[in-house]
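# Chains, contacts and geometry: an overview
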Amino acid sequence: MWAEGAPNSEDRPEEAVPVDVIALERGTIESALRFSATLEAERDVRVFAEAQRRVVELRVEEGDAVRSGTLLIRLQDDEQRSALQKADVELRQATREFERQQNLYERKLVSEQAYNDAALIYDQTEIAMADARRKLTYTEVRAPFAGILTERLVNVGDHVTLNQPLFRIVDFDSIVARIYVPEKELPSLATGLDARLTAEAIGGAAFVGTVDRISPVVDPGTGTIKVTVATPRQEGLRPGMYVEVELVTAVHEDALLLPKRAIVYDNDQLFVFRLGEERRVERIKVDPLLEDVENIEPASNLAAGDQIVVAGQASLKDGALVRLPGDPDPDDEDADDEDDEDGDDDAETGDGDDS
């Protein structure tokens, strides 16, 4: 039972919910897949010794840029040069003997056996000459490709052994990031796809890349596809660096941009509240076409210029009354009304006293 003079809830004015809105605009939106990776150089090799000799000359140092075939070190080569000279003498002698036996054989002055023996000796000495030349080249260690010398593991005077590592060379033009993309994203992948790389180690600097290769198979253990993102040589990128990789799978230039902070989720569905007439909001279902970190492109139901609630929408219902920043505060209006009524009462009292 209501006490006499108690206000009835049905008689109370509807309370407006304070909200903030923005007007929708058009702009560019990108859809991107995001991954983490560690950069690596595809052309990253160690250079090994192919001869067991002493280092007599060092031509490069760590950090040096080298071309393919650049001389890195020279090993002691007196023994190899002597072997080459000996092979050269034997080859010249065998050549002369072979030519002589060939001339005699054509004139039928020697047997076929004598001719074949001379030919065999000639072939053997030619092989020995090639072998001596090859062994001499082992005393000069050269760069297998162009790159940066990142490690030097020997000094002048060191006695190196066969297959001992001497240098490490990295081609900074071959830096890639390998990422592993869920198989459900396969339809959106293609070689040549643009990529962005961000390295927090150097202040979040951004770099460009492209999808170079896509593995033809799916890893059955993880359900992912290996994708290789190539990067052109860019100042700051180094093998071993940790980066964030974004693959840009779609770009819409003139898209309606709906801020994600306006979204209200209800049973896996997306809704927003649009400001209508008389400060009442309408609940609108959103079907995303594309989305990035901050915005969604809605498929329909919204247009540029629509005012969408971006703050205070959590408790709203369809058709709710709202109040925007700058609108009069209802409490202030009630206080003003009470002041006006008190003033009227005072005036009436004053009139009564005069009478």
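The rules we used
Residues numbered from 1 in each chain as written. Predicted model: local features only at pLDDT ≥ 70, side-chain atom pairs only at ≥ 80, totals over all residues. Heavy atoms only, no water. Pairing = 2+ DSSP bridges. Helix = DSSP H or I, 4+ residues; strand = E, 2+ residues; numbered from the N terminus. Axes fitted to C-alpha atoms, helices over the stretch in contact; angles between N-to-C directions. Core = buried A, V, L, I, M, F, W, Y, C linked by side-chain atoms within 4.5 Å. Buried < 20%, exposed > 50% of the residue type's maximum accessible area, 1.4 Å probe, protein only. Contact = heavy atoms within 4.5 Å. Expected span 1.5 Å × (residues − 1).

Before going further, it helps to spend a moment on the sheet that holds strand β6 (residues 65–66). Read from one edge of the open sheet, 4 strands run β4-β10-β9-β6, paired in antiparallel fashion. A single partner strand is all that each edge strand has here, and the edge strands are β4 (44–48) and β6. Here 2 bridges tie β6 to strand β9 (residues 147–152), and the two strands are oriented antiparallel to one another. Bridging across to β9, A65 finds its partner in I148.

What follows deals with the sheet that holds strand β7 (residues 71–75). Spatially, the 3 strands line up as an open sheet ordered β5-β7-β8, and their pairing is antiparallel. The open sheet has two edge strands with one neighbour each: β5 (55–58) and β8 (140–142). When the angles between neighbouring strand axes are averaged without regard to direction, this sheet yields 20°. With 3 bridges joining them, β7 and β8 adopt antiparallel strand pairing. Note on β8: the bridge partner recorded for R74 is E140.

Side chains of nonpolar character tend, in soluble globular proteins, to be buried together. With 26 residues, the main nonpolar core has L39, I179, V181, L197, V229, V245 and L247 as its most contacted residues. For this core, the secondary structure elements donating two or more residues are β3 (25–41), β11 (175–182), β12 (194–199), β13 (205–214), β14 (224–230) and β15 (242–259). The biggest single contributor to this core is β3, with 5 residues. Those residues in contact with L197 that lie beyond four places of it in its chain are L39, A177, A205, A206, F207, V208, G209, V229, T231, V243, E244 and V245. Counting 18 residues, the second largest nonpolar core, distinct from the first, contains A51, L72, A143 and F145.

With that out of the way, let us pick up unusual backbone geometry. Backbone geometry places N267, a non-glycine residue, at a positive phi of 55°. Position of N267 relative to the elements: it lies in the loop between β16 (264–266) and β17 (269–275). N267 sits in the exposed class, given a relative accessible area of 70%. Not every positive phi belongs to a glycine, and R279 is a case in point at roughly 60°. Here R279 shows up in the loop between β17 and β18 (281–286). For R279, a relative accessible area of 33% translates into the label partly exposed.

With that settled, consider helix α1 (residues 78–106). Helix length check: α1 (29 residues) gives 42 Å between terminal C-alpha atoms against 42 Å at 1.5 Å per residue, within 8%. Residues of α1 that are buried: Q80, L84, A87, L91, A94, F98, Q101 and L104. The elements touched by buried residues of α1 are α2 (112–137). K108, located one to two residues past α1, shows a positive phi value of around 60°.

Now for α2. Across its 26 residues, α2 extends 38 Å between first and last C-alpha, which sits within 8% of the 38 Å expected from 1.5 Å per residue. When we look at burial in α2, the residues that qualify are Y115, A118, A119, T125, M129, A132 and L136.

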